[in-house]
Each structure stands twice: as structure tokens, then as C-alpha cells.
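# Structure at a glance
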Amino acid sequence: MSVIRFPRNDGDFAQPVVVFVDLQQEYVTEGRAPALSRREPWWSNCRRLLDHARECGLPVAHFRLLKREPFFNRATPFADWIEEFRPRPHEMVFERSLPSCYSNESFATLLNSLERPNFLLAGLTADGSCLATMVDAYHRNHRAAFVADASDSRARGGYGEEQVHGVVTEIAAQFGQVTSTSEVASRSVGRKPSLVG
């Protein structure tokens, strides 16, 4: 996987919203159709990124996919958060039924209210919700950075999760920036509350 470095311009990504997408039981419960076969490295890197954002006092947004279907159905325990990533009371929570985070009007309104709309994107899955959100951000002229090692993709068309994730990461780079958890952390050393820039 290639990583595209952040530009060193001091105005870029000033105080981004750190967005965690669909860290839900459906993706980690063995036997469920949406379940991923691997948890690493995305699990540890999401945990590291979330801890880092909280420590730096950055705005954190959590997204949850809810549908009127057997999977991601609110009535099942599988639509619930992975316990380790459960939002804290002061953090933003958004729900939606479509892949892109922009399908939640409150999130779109929030970003439009910012002087420089920008966010870091992590979570599940890169081949679904993350890519859809990157494309929508691009069309709105919002700055998005996909934290590729804090995400994963589903196996598709005979290709494994790792292969699909590599291709999706390359596609995401056409619509925004691609970075890693280590790069995000290193950009913020000694800089509170700004994570990067």
C-alpha cells in the first residue's frame, strides 16, 4: 500500500474532525455475512487513532449504518458498536442507511459550517462507506484524508481483503489524501489541539 504524505503547508487540515465509520459488531461477529476475516491492523490502528484524537481534544464523530434488512438492523445486537469503540457522551454520533457519511444531513451541515471543511476518515469498510464518503467530499470541495491502515475492505470477486484494500486505497487517493496512523500521530507531536497541518 502506498501512502501519500500530507503537504507541509501550515494551514492544511487545521483541527480536523476525526471520523470513525461503522465500527459495529456486524463486521467482527464470526458467521455474519459482513464479517471481516481479519482484525489487524485496522483494529489496533483505529484504537490508536481514537485515543490520539481524544488526547488531543479533537472533535470526534462516530457513524453507524442502520438498515431495514437482516444486516445492520437496529433490532439486532450486531448493529451495536464494538465495545472498544463505543462513543463517549460528548462525541458526535451520526446514523445513516446509505454508504456515504454525507447521506446524514447533519454531518453535511456540520462540515459546511466550518471555514475549512476537513476530516480524517477511518473505520469500515474502505470498499464501501469510506470510498463513498471520499468521493462525496471531493465533489463538495471538502478536504478528506483516508487513514488507510485504520480501515479494511471486504473480499470481492475472488480477491482477498488485503488485495481489495490495496486497490481501494489507490482509488481513494484520487479523491483526497491517503495517510497512515503513524503519519497522523507524527504530524501532531507538540501540537495541540491540531492533529495535522
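Residues numbered from 1 in each chain as written. Predicted model: local features only at pLDDT ≥ 70, side-chain atom pairs only at ≥ 80, totals over all residues. Heavy atoms only, no water.

The subject of this paragraph is the overall build of the protein. Helix and strand counts for the protein stand at five helices and six strands. Secondary structure of the protein in N-to-C order comes out as β-α-β-β-α-β-α-β-α-β-α. A burial count over the protein gives 51% of its 197 residues as buried. If you take every contact in the protein between residues at least 6 apart in sequence, the share linking residues at least 24 apart comes to 76%. Accessible surface computed for the protein: about 9,300 Å², of which carbon and sulfur atoms make up 50%. (Helix = DSSP H or I, 4+ residues; strand = E, 2+ residues; numbered from the N terminus. Buried < 20%, exposed > 50% of the residue type's maximum accessible area, 1.4 Å probe, protein only. Contact = heavy atoms within 4.5 Å. Areas by Shrake-Rupley, 256 points an atom, 1.4 Å probe, with all protein chains shown as cover.)

A few words on the packing of aromatic side chains. Scanning all chains against the criterion turns up ten aromatic pairs. Considering the side-chain rings of phenylalanine 94 and phenylalanine 107, the 5.6 Å spacing of their centres and the 70 degrees angle between planes classify their relative orientation as edge-to-face. Within this pair, whereas phenylalanine 94 is found in strand 3 (residues 92-96), its partner phenylalanine 107 is found in helix 2 (residues 105-112), the two being separated by 13 residues in sequence. The buried category is assigned to phenylalanine 94, whose relative accessible area is 8%. Pairing tyrosine 102 with phenylalanine 107 gives two aromatic rings, centres 5.5 Å apart and planes at 65 degrees, and the pair type is edge-to-face. (Phe/Tyr/Trp six-rings, centres within 6.5 Å; stacked < 30°, edge-to-face > 60°.)

Turning our eyes to something else, we now look at helix 2. Residues of helix 2 that are buried: Phe107, Ala108 and Leu111. One face of helix 2 carries all of its buried residues, which in axial projection span an arc of 100 degrees. Among the exposed residues of helix 2, those pointing more than 90 degrees away from its buried face are Glu105, Thr109 and Asn112. Looking at the packing, one finds that the buried side of helix 2 touches strand 1 (17-21), strand 2 (60-65), strand 3 and strand 4 (118-124). Near the N-terminus of helix 2, the side chain that reaches the backbone nitrogen of serine 106, with its oxygen 2.9 Å away, is that of asparagine 104. (Arc of directions from axis to C-beta. Polar contact = N/O pair within 3.5 Å; in protein donor to acceptor, adjacent residues only side chain to side chain.)

We now examine unusual backbone geometry. In the segment running from glutamate 40 into proline 41, the intervening peptide bond is cis, with an omega of 10 degrees. Among the structural elements, proline 41 can be located in the loop between strand 1 and helix 1 (42-56). The omega torsion of the bond from leucine 124 to threonine 125 falls at -15 degrees, within 30 degrees of zero and hence cis. Tracing the backbone shows threonine 125 in the loop between strand 4 and helix 3 (126-139).

Within a sheet, neighbouring strands are paired by backbone hydrogen bonds and run either parallel or antiparallel to one another. Ordered in space as 3-2-1-4-5-6, the six strands form an open sheet in which the pairing is parallel. Each edge of the open sheet carries a strand with a single partner, namely strand 3 and strand 6 (177-179). Sheet twist, expressed as the mean angle between neighbouring strand axes with direction ignored, is 25 degrees. In the sheet, strand 1 pairs with strand 2 via four bridges, with the strands oriented parallel. The residue of strand 2 that forms the bridge with valine 19 is alanine 61. Lying over the sheet, helix 2 contacts strand 1, strand 2, strand 3 and strand 4, oriented at roughly 130 degrees with respect to strand 3. (Pairing = 2+ DSSP bridges. Axes fitted to C-alpha atoms, helices over the stretch in contact; angles between N-to-C directions.)

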